Amino acid sequence: MSIQTVMVVGAGQMGSGIVQVAAAAGRKVLWHDLTMPFIDKGMLVIRKHLARSVEKGKLTVEEQTSIIGRILPTEDVTDAAKVDLVIEAISENMAWKTNLFQKLDRICPPGVILATNTSSLPITEIAAATSRPSQVIGMHFMNPVPVMPLIEVIRGLETSQDVFDAIFQLSKEFGKTPVEVQDFPGFVSNRILMPMINEAVFTVYEGVASVEAVDTVMKLGMNHPMGPLELADFIGLDTCLSIMEILYEGFKDPKYRPCPLLRKYVKAGRLGRKSGQGFYVYA
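For the chain, the name recorded in an unreviewed UniProt entry is 3-hydroxybutyryl-CoA dehydrogenase, with Paenibacillus pectinilyticus as its organism.

Engineer: Could you clarify how one ought to interpret the side chain of Asp 105 in this entry?
Structural biologist: Position of Asp 105 relative to the elements: it lies in helix α4 (residues 94–107). We classify Asp 105 as buried; its relative accessible area is 13%. Polar side-chain contacts of Asp 105 include one of 2.7 Å to the backbone nitrogen of Ser 131. A distance of 2.7 Å separates the side chain of Asp 105 from the side chain of Arg 132, its partner in a polar contact. In this structure Asp 105 touches Leu 114, Thr 130, Ser 131 and Arg 132, once residues within four positions along its chain are discounted.

Engineer: Would you explain the UniProt feature "domain: 3-hydroxyacyl-CoA dehydrogenase NAD binding" (unreviewed entry) in the chain in this entry?
Structural biologist: Under the UniProt annotation, the feature "domain: 3-hydroxyacyl-CoA dehydrogenase NAD binding" (unreviewed entry) is placed at residues 5–183. Helix makes up 41% of residues 5–183 and strand makes up 22%, while its end C-alpha atoms are separated by 26 Å.

Engineer: I tried to follow the pairing of strand β1 (residues 5–9) on my own but got confused; where do I start?
Structural biologist: Taken residue by residue, a regular strand's side chains alternate between the two faces of the sheet. Counting buried positions along β1 gives five out of five residues, so the element sits mostly inside the fold. Neither face of β1 is exposed, since Thr 5, Met 7 and Val 9 on one face and Val 6 and Val 8 on the opposite face are all buried. Judged from the five bridges that link them, β1 and strand β2 (residues 28–32) form a sheet pairing that is parallel. Bridging from a neighbouring strand, Val 9 pairs with His 32 of β2. After leaving β1, the chain enters helix α1 (residues 13–24) and then returns to the sheet as β2, a path that is right-handed. The pairing of β1 with strand β4 (residues 85–88) spans four bridges and is classified as parallel. Counterpart to Val 9 in the pairing with β4 is Glu 88.

Analysis parameters
Counting of residues starts from 1 at the beginning of each chain's written sequence and follows it residue by residue. Where totals are concerned, whole chains, interfaces and linings use all residues; where local detail is concerned, this predicted model gives features only for residues with pLDDT of at least 70, and gives and counts side-chain atom pairs only at 80 or more. Side-chain descriptors were evaluated using all non-hydrogen atoms of the structure, hydrogens and water having been removed beforehand. The way it works is that DSSP assigns letters per residue, a run of H or I at least four long becomes a helix, a run of E at least two long becomes a strand, and they are numbered from the N terminus. Three labels apply to residues, based on accessible area from a 1.4 Å probe with only protein chains included: buried if under 20% of the type maximum, exposed if over 50%, partly exposed otherwise in between. The term polar contact refers here to a pair of N or O atoms within 3.5 Å; inside protein, the definition further demands a hydrogen-donor-capable atom paired with an acceptor-capable atom, and it admits residues adjacent in sequence only when both atoms are side-chain atoms. Contacts are residue-level and defined by heavy atoms, with any inter-residue pair within 4.5 Å sufficient. UniProt positions are given in the numbering used here, feature names are shortened, and annotations may be inferred rather than shown by experiment. A pair of strands is labelled paired if DSSP reports no fewer than 2 bridges between them. Looking down the strands as they point away from the viewer, one classifies a crossover as right-handed if the path from the first strand across the helix to the second runs clockwise.

In C-alpha coordinates form, the structure reads like this:
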(Lines give C-alpha, C1' and ligand atoms only; values in the text may rest on other atoms or scores of the structure.)
Protein backbone atom coordinates (compact mmCIF):
# COMPACT_ATOMS: atom_id res chain seq x y z
CA MET A 1 0.00 0.00 0.00
CA SER A 2 1.91 3.02 -1.31
CA ILE A 3 1.26 6.42 0.30
CA GLN A 4 2.70 9.23 -1.80
CA THR A 5 0.15 12.04 -1.43
CA VAL A 6 -1.18 13.14 1.94
CA MET A 7 -3.77 15.68 3.02
CA VAL A 8 -3.40 17.24 6.47
CA VAL A 9 -6.55 18.89 7.83
CA GLY A 10 -5.89 21.58 10.42
CA ALA A 11 -3.37 24.42 10.46
CA GLY A 12 -2.67 24.64 14.16
CA GLN A 13 0.57 23.76 15.92
CA MET A 14 0.16 20.01 15.42
CA GLY A 15 -1.05 20.32 11.83
CA SER A 16 1.86 22.50 10.74
CA GLY A 17 4.32 20.09 12.35
CA ILE A 18 2.78 17.08 10.59
CA VAL A 19 2.85 18.93 7.25
CA GLN A 20 6.54 19.74 7.71
CA VAL A 21 7.46 16.15 8.60
CA ALA A 22 5.45 14.65 5.72
CA ALA A 23 6.90 17.07 3.15
CA ALA A 24 10.43 16.50 4.48
CA ALA A 25 9.84 12.76 3.94
CA GLY A 26 9.25 13.39 0.24
CA ARG A 27 5.45 13.33 0.25
CA LYS A 28 3.27 15.73 -1.66
CA VAL A 29 1.12 17.38 1.02
CA LEU A 30 -2.21 19.09 0.49
CA TRP A 31 -2.84 21.29 3.51
CA HIS A 32 -6.45 22.14 4.26
CA ASP A 33 -8.08 24.53 6.67
CA LEU A 34 -11.27 26.57 6.52
CA THR A 35 -9.52 29.84 5.65
CA MET A 36 -6.18 30.59 4.03
CA PRO A 37 -4.91 32.96 6.78
CA PHE A 38 -4.68 29.97 9.16
CA ILE A 39 -2.50 28.12 6.65
CA ASP A 40 -0.43 31.22 5.91
CA LYS A 41 0.34 31.54 9.62
CA GLY A 42 1.34 27.87 9.73
CA MET A 43 3.57 28.28 6.68
CA LEU A 44 5.46 31.07 8.44
CA VAL A 45 6.17 28.66 11.31
CA ILE A 46 7.40 25.96 8.91
CA ARG A 47 9.62 28.40 7.02
CA LYS A 48 11.11 29.57 10.31
CA HIS A 49 11.86 25.99 11.42
CA LEU A 50 13.42 25.08 8.07
CA ALA A 51 15.50 28.27 7.98
CA ARG A 52 16.85 27.41 11.42
CA SER A 53 17.81 23.94 10.15
CA VAL A 54 19.65 25.52 7.21
CA GLU A 55 21.54 27.82 9.57
CA LYS A 56 22.59 24.80 11.64
CA GLY A 57 23.75 22.90 8.58
CA LYS A 58 21.07 20.22 8.91
CA LEU A 59 19.46 21.16 5.60
CA THR A 60 20.70 22.70 2.36
CA VAL A 61 18.90 25.64 0.78
CA GLU A 62 17.92 23.33 -2.08
CA GLU A 63 16.35 20.83 0.33
CA GLN A 64 14.50 23.64 2.09
CA THR A 65 13.09 24.83 -1.25
CA SER A 66 12.04 21.30 -2.21
CA ILE A 67 10.20 20.75 1.08
CA ILE A 68 8.29 24.02 0.73
CA GLY A 69 7.51 23.14 -2.89
CA ARG A 70 5.79 19.92 -1.87
CA ILE A 71 3.29 21.76 0.38
CA LEU A 72 0.11 22.78 -1.46
CA PRO A 73 -2.39 24.87 0.58
CA THR A 74 -6.09 24.41 -0.20
CA GLU A 75 -9.36 25.72 1.18
CA ASP A 76 -11.27 23.03 -0.73
CA VAL A 77 -11.77 19.86 1.32
CA THR A 78 -12.89 17.99 -1.82
CA ASP A 79 -9.21 17.91 -2.81
CA ALA A 80 -9.12 14.93 -0.42
CA ALA A 81 -10.30 12.91 -3.44
CA LYS A 82 -6.76 13.22 -4.84
CA VAL A 83 -4.78 11.73 -1.93
CA ASP A 84 -3.80 8.33 -0.50
CA LEU A 85 -4.06 9.35 3.16
CA VAL A 86 -5.82 12.07 5.15
CA ILE A 87 -4.43 13.02 8.57
CA GLU A 88 -6.90 15.00 10.68
CA ALA A 89 -5.36 17.44 13.16
CA ILE A 90 -8.26 19.63 14.28
CA SER A 91 -9.39 20.46 17.83
CA GLU A 92 -10.12 17.68 20.35
CA ASN A 93 -13.88 17.75 19.87
CA MET A 94 -15.65 14.49 19.04
CA ALA A 95 -18.58 16.15 17.24
CA TRP A 96 -16.23 18.15 15.00
CA LYS A 97 -14.08 15.12 14.25
CA THR A 98 -16.96 12.78 13.42
CA ASN A 99 -18.53 15.44 11.20
CA LEU A 100 -15.23 15.84 9.33
CA PHE A 101 -14.74 12.08 8.96
CA GLN A 102 -18.27 11.68 7.58
CA LYS A 103 -17.47 14.36 5.01
CA LEU A 104 -14.10 12.80 4.12
CA ASP A 105 -15.76 9.39 3.81
CA ARG A 106 -18.08 10.78 1.13
CA ILE A 107 -15.26 12.56 -0.72
CA CYS A 108 -12.42 10.04 -0.69
CA PRO A 109 -12.30 7.10 -3.13
CA PRO A 110 -12.28 3.55 -1.74
CA GLY A 111 -8.87 2.61 -0.38
CA VAL A 112 -7.98 6.03 1.04
CA ILE A 113 -6.86 5.77 4.68
CA LEU A 114 -8.33 8.21 7.20
CA ALA A 115 -6.09 8.91 10.21
CA THR A 116 -6.73 11.03 13.27
CA ASN A 117 -4.10 12.77 15.39
CA THR A 118 -6.41 12.73 18.43
CA SER A 119 -4.53 12.58 21.71
CA SER A 120 -7.28 10.81 23.67
CA LEU A 121 -10.61 10.38 21.84
CA PRO A 122 -11.71 6.84 20.87
CA ILE A 123 -10.56 5.79 17.39
CA THR A 124 -13.39 3.24 17.21
CA GLU A 125 -16.05 5.91 17.75
CA ILE A 126 -14.54 8.17 15.10
CA ALA A 127 -14.32 5.22 12.69
CA ALA A 128 -17.97 4.31 13.31
CA ALA A 129 -18.99 7.64 11.75
CA THR A 130 -17.70 6.36 8.39
CA SER A 131 -18.57 3.52 6.02
CA ARG A 132 -14.91 2.39 6.10
CA PRO A 133 -14.01 1.69 9.76
CA SER A 134 -11.34 -0.80 8.64
CA GLN A 135 -9.46 2.11 7.03
CA VAL A 136 -9.54 4.46 10.03
CA ILE A 137 -6.55 4.58 12.38
CA GLY A 138 -4.92 6.80 15.01
CA MET A 139 -1.61 8.57 14.37
CA HIS A 140 -0.84 10.41 17.60
CA PHE A 141 2.17 12.63 16.97
CA MET A 142 3.97 14.26 19.89
CA ASN A 143 4.44 18.01 20.25
CA PRO A 144 6.56 19.61 18.80
CA VAL A 145 6.13 17.24 15.85
CA PRO A 146 9.38 17.97 13.95
CA VAL A 147 11.43 17.28 17.10
CA MET A 148 9.68 14.48 19.00
CA PRO A 149 10.47 11.02 17.62
CA LEU A 150 7.37 9.09 18.78
CA ILE A 151 4.10 8.27 17.01
CA GLU A 152 1.46 6.20 18.79
CA VAL A 153 -0.18 4.11 16.04
CA ILE A 154 -3.59 3.23 17.44
CA ARG A 155 -5.81 0.45 16.17
CA GLY A 156 -9.55 0.96 16.24
CA LEU A 157 -11.70 -2.10 16.78
CA GLU A 158 -12.11 -2.59 13.01
CA THR A 159 -8.73 -1.28 11.74
CA SER A 160 -7.37 -3.73 9.16
CA GLN A 161 -3.91 -5.25 9.38
CA ASP A 162 -2.99 -3.82 5.95
CA VAL A 163 -3.87 -0.30 7.08
CA PHE A 164 -1.98 -0.73 10.34
CA ASP A 165 1.11 -2.04 8.51
CA ALA A 166 1.00 0.83 5.99
CA ILE A 167 0.80 3.53 8.68
CA PHE A 168 3.43 1.84 10.85
CA GLN A 169 5.83 1.80 7.87
CA LEU A 170 4.95 5.37 6.87
CA SER A 171 5.71 6.53 10.41
CA LYS A 172 9.22 5.08 10.05
CA GLU A 173 9.61 6.83 6.69
CA PHE A 174 8.65 10.07 8.43
CA GLY A 175 11.74 9.51 10.58
CA LYS A 176 9.69 8.59 13.64
CA THR A 177 9.57 5.62 16.01
CA PRO A 178 6.08 4.10 15.85
CA VAL A 179 4.61 2.18 18.79
CA GLU A 180 1.53 -0.03 18.49
CA VAL A 181 -1.23 0.97 20.92
CA GLN A 182 -4.76 -0.33 21.43
CA ASP A 183 -7.81 1.93 21.56
CA PHE A 184 -8.31 2.81 25.24
CA PRO A 185 -8.87 6.27 26.80
CA GLY A 186 -5.67 8.35 26.69
CA PHE A 187 -3.83 5.55 24.86
CA VAL A 188 -0.42 5.16 26.60
CA SER A 189 1.12 8.63 26.58
CA ASN A 190 -1.73 10.64 28.06
CA ARG A 191 -3.01 7.86 30.32
CA ILE A 192 0.33 8.14 32.15
CA LEU A 193 1.27 11.80 31.59
CA MET A 194 -2.01 13.57 32.38
CA PRO A 195 -2.61 12.00 35.82
CA MET A 196 0.94 13.06 36.74
CA ILE A 197 0.18 16.64 35.66
CA ASN A 198 -3.18 16.52 37.47
CA GLU A 199 -1.47 15.30 40.66
CA ALA A 200 1.05 18.15 40.37
CA VAL A 201 -1.89 20.58 40.22
CA PHE A 202 -3.43 18.91 43.30
CA THR A 203 -0.09 19.36 45.11
CA VAL A 204 -0.29 23.12 44.53
CA TYR A 205 -4.05 23.21 45.22
CA GLU A 206 -3.57 21.52 48.61
CA GLY A 207 -0.72 23.86 49.58
CA VAL A 208 1.94 21.15 49.69
CA ALA A 209 4.37 23.26 47.64
CA SER A 210 4.55 26.19 45.25
CA VAL A 211 4.40 25.85 41.47
CA GLU A 212 8.13 26.49 41.20
CA ALA A 213 8.92 23.99 43.95
CA VAL A 214 6.87 21.21 42.33
CA ASP A 215 8.58 21.74 38.98
CA THR A 216 12.02 21.92 40.58
CA VAL A 217 11.49 18.61 42.40
CA MET A 218 10.50 16.85 39.18
CA LYS A 219 13.33 18.37 37.13
CA LEU A 220 16.16 17.92 39.60
CA GLY A 221 14.86 14.89 41.49
CA MET A 222 13.32 12.89 38.62
CA ASN A 223 15.45 14.22 35.75
CA HIS A 224 12.45 15.51 33.80
CA PRO A 225 13.49 18.08 31.17
CA MET A 226 10.45 20.21 32.05
CA GLY A 227 8.40 20.36 35.23
CA PRO A 228 4.81 19.06 35.00
CA LEU A 229 3.21 22.47 35.54
CA GLU A 230 5.48 24.14 32.99
CA LEU A 231 4.61 21.28 30.63
CA ALA A 232 0.90 21.78 31.30
CA ASP A 233 1.26 25.43 30.30
CA PHE A 234 3.04 24.34 27.11
CA ILE A 235 0.34 21.80 26.22
CA GLY A 236 -2.53 24.12 27.20
CA LEU A 237 -4.50 23.79 30.42
CA ASP A 238 -7.75 23.44 28.47
CA THR A 239 -6.27 20.48 26.61
CA CYS A 240 -5.07 18.92 29.86
CA LEU A 241 -8.53 19.33 31.39
CA SER A 242 -10.23 17.87 28.31
CA ILE A 243 -8.02 14.76 28.40
CA MET A 244 -8.54 14.28 32.14
CA GLU A 245 -12.30 14.46 31.59
CA ILE A 246 -12.05 11.86 28.82
CA LEU A 247 -10.06 9.57 31.15
CA TYR A 248 -12.55 10.13 33.99
CA GLU A 249 -15.52 9.46 31.72
CA GLY A 250 -13.88 6.50 30.00
CA PHE A 251 -12.77 4.61 33.11
CA LYS A 252 -15.28 5.92 35.73
CA ASP A 253 -12.37 5.82 38.19
CA PRO A 254 -12.06 8.66 40.77
CA LYS A 255 -8.27 8.65 40.39
CA TYR A 256 -8.82 10.51 37.09
CA ARG A 257 -10.93 13.30 38.66
CA PRO A 258 -9.63 16.65 37.35
CA CYS A 259 -8.28 18.95 40.05
CA PRO A 260 -10.66 21.85 40.88
CA LEU A 261 -7.75 24.30 40.46
CA LEU A 262 -7.25 23.11 36.88
CA ARG A 263 -10.94 23.71 36.19
CA LYS A 264 -10.75 27.17 37.81
CA TYR A 265 -7.78 28.25 35.68
CA VAL A 266 -9.47 27.11 32.48
CA LYS A 267 -12.69 28.93 33.37
CA ALA A 268 -10.64 32.05 34.06
CA GLY A 269 -8.99 31.83 30.64
CA ARG A 270 -5.58 31.04 32.11
CA LEU A 271 -4.71 28.42 29.52
CA GLY A 272 -0.92 28.58 29.60
CA ARG A 273 1.50 29.87 26.99
CA LYS A 274 -1.16 30.40 24.33
CA SER A 275 -3.13 32.83 26.54
CA GLY A 276 -0.09 34.46 28.17
CA GLN A 277 -0.78 33.05 31.63
CA GLY A 278 -1.28 29.66 33.22
CA PHE A 279 0.73 28.45 36.20
CA TYR A 280 3.35 30.92 34.98
CA VAL A 281 3.08 34.36 33.37
CA TYR A 282 4.46 34.75 29.83
CA ALA A 283 5.48 37.93 28.09
